[in-house]
Amino acid sequence: SGAGKSTVAAAVEERLVAAGHHTYLLDGDRVRQGLNADLGFGELDRRENLRRLAEVARTLAEAGLIVLVACIAPSAADRARARELLGGDYVEVHVDAPLEVCERRDPKGHYRRARAGTLAQFTGVGAPYEVPASPDLRIDTAALGIADAAAAVIEHLARAGRVGRADA
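Residues numbered from 1 in each chain as written. Predicted model: local features only at pLDDT ≥ 70, side-chain atom pairs only at ≥ 80, totals over all residues. Heavy atoms only, no water.

*Asks:* Explanation requested: the overall build of the chain in the structure shown.
*Replies:* Counting its regular elements, the chain contains seven helices and four strands. In the chain, the succession of helices and strands from N to C terminus is α-β-α-α-β-α-β-α-α-β-α. Against the compact-globule benchmark of 15 Å for 168 residues, the chain has a radius of gyration of 16 Å, which places it among compact chains. Projected onto its principal axes, the C-alpha coordinates of the chain cover approximately 50 × 30 × 30 Å. Across the 168 residues in the chain, those meeting the buried criterion constitute 40%. Within the structure as shown, the chain displays about 9,100 Å² of accessible surface, and the carbon and sulfur contribution to it stands at 53%. For the chain, the separation between the mean place of its 22 positive charges and that of its 24 negative charges on side chains is 3 Å. (Helix = DSSP H or I, 4+ residues; strand = E, 2+ residues; numbered from the N terminus. Rg over C-alpha atoms; globule rule 2.2 N^0.38 Å. Buried < 20%, exposed > 50% of the residue type's maximum accessible area, 1.4 Å probe, protein only. Areas by Shrake-Rupley, 256 points an atom, 1.4 Å probe, with all protein chains shown as cover. Lys, Arg positive; Asp, Glu negative; His and termini not counted. Charge placed at Lys NZ, Arg CZ, Asp CG, Glu CD.)

Here is the structure:
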């Protein structure tokens, strides 16, 4: 939380739409308020949350959309399952910021509550986070602004042949 996943994804989506692409942004927070409102934050519920996100992403990708999924995926095993499910449509972008930067940003007050003991199982504080060993792309939002982070994602997609060079 606070690394900038949703903000970067929204900026990427805006650029892709402006370039004529059909996209859909699956934001983890919004999905948890609807489709996944029945899930908590224990290990099994987190796994089910990510499985559902991957299934929806696959369905939308099969319909021809570029799907951006902005969510916390704390487990390497869960990320591997998503990669397996989505195959060649999966691009892992690790939107990264040091914990102290995320805590300073703390847009929803989660870190403050987790440190005070009123928010259990919060990723990075009360629940583990396995840093991706080899993501397709790593974006350091402590060093890059949103526009530069979005440009890096689109350039990566262009190099991979997923979007045209003119989009980058």
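*Asks:* In this structure, what is going on with the packing of helix α3 (residues 43-62) against helix α4 (residues 76-86)? I would like to understand it.
*Replies:* In helix packing, the relevant descriptors are the interaxial angle and the interaxial distance, both defined with respect to the helix axes. As a packed pair, α3 and α4 sit with axes 10 Å apart at the nearest point and diverge in direction by 20 degrees. When the axis of α3 is compared with that of α4, the two are roughly parallel. As α3 runs across α4, the sense of the crossing is right-handed. Between α3 and α4, the contacting residues are Arg47, Leu50, Ala54, Glu55, Ala57 and Arg58 on the first element and Asp78, Arg81, Ala82, Leu85 and Leu86 on the second. (Axes fitted to C-alpha atoms, helices over the stretch in contact; angles between N-to-C directions. Parallel < 35°, antiparallel > 145°, perpendicular 65-115°, else oblique. Left-handed = near helix turned anticlockwise from the far one by under 90°. Contact = heavy atoms within 4.5 Å.)

*Asks:* How should I be thinking about a nonpolar patch on the surface in this particular structure?
*Replies:* Together, Ile72, Tyr129 and Val131 give the surface a local cluster of nonpolar side chains, amounting to about 250 Å² of exposed area. Along the chain, the position of Ile72 falls in the loop between β2 (66-70) and α4. By relative accessible area, which is 30% here, Ile72 ends up partly exposed. (Patch = residues over 30% accessible without salt bridge, like charges linked within 9 Å, V, L, I, M, F, W, Y side chains within 5 Å. Salt bridge = Lys/Arg side-chain N within 4 Å of Asp/Glu carboxyl O.)

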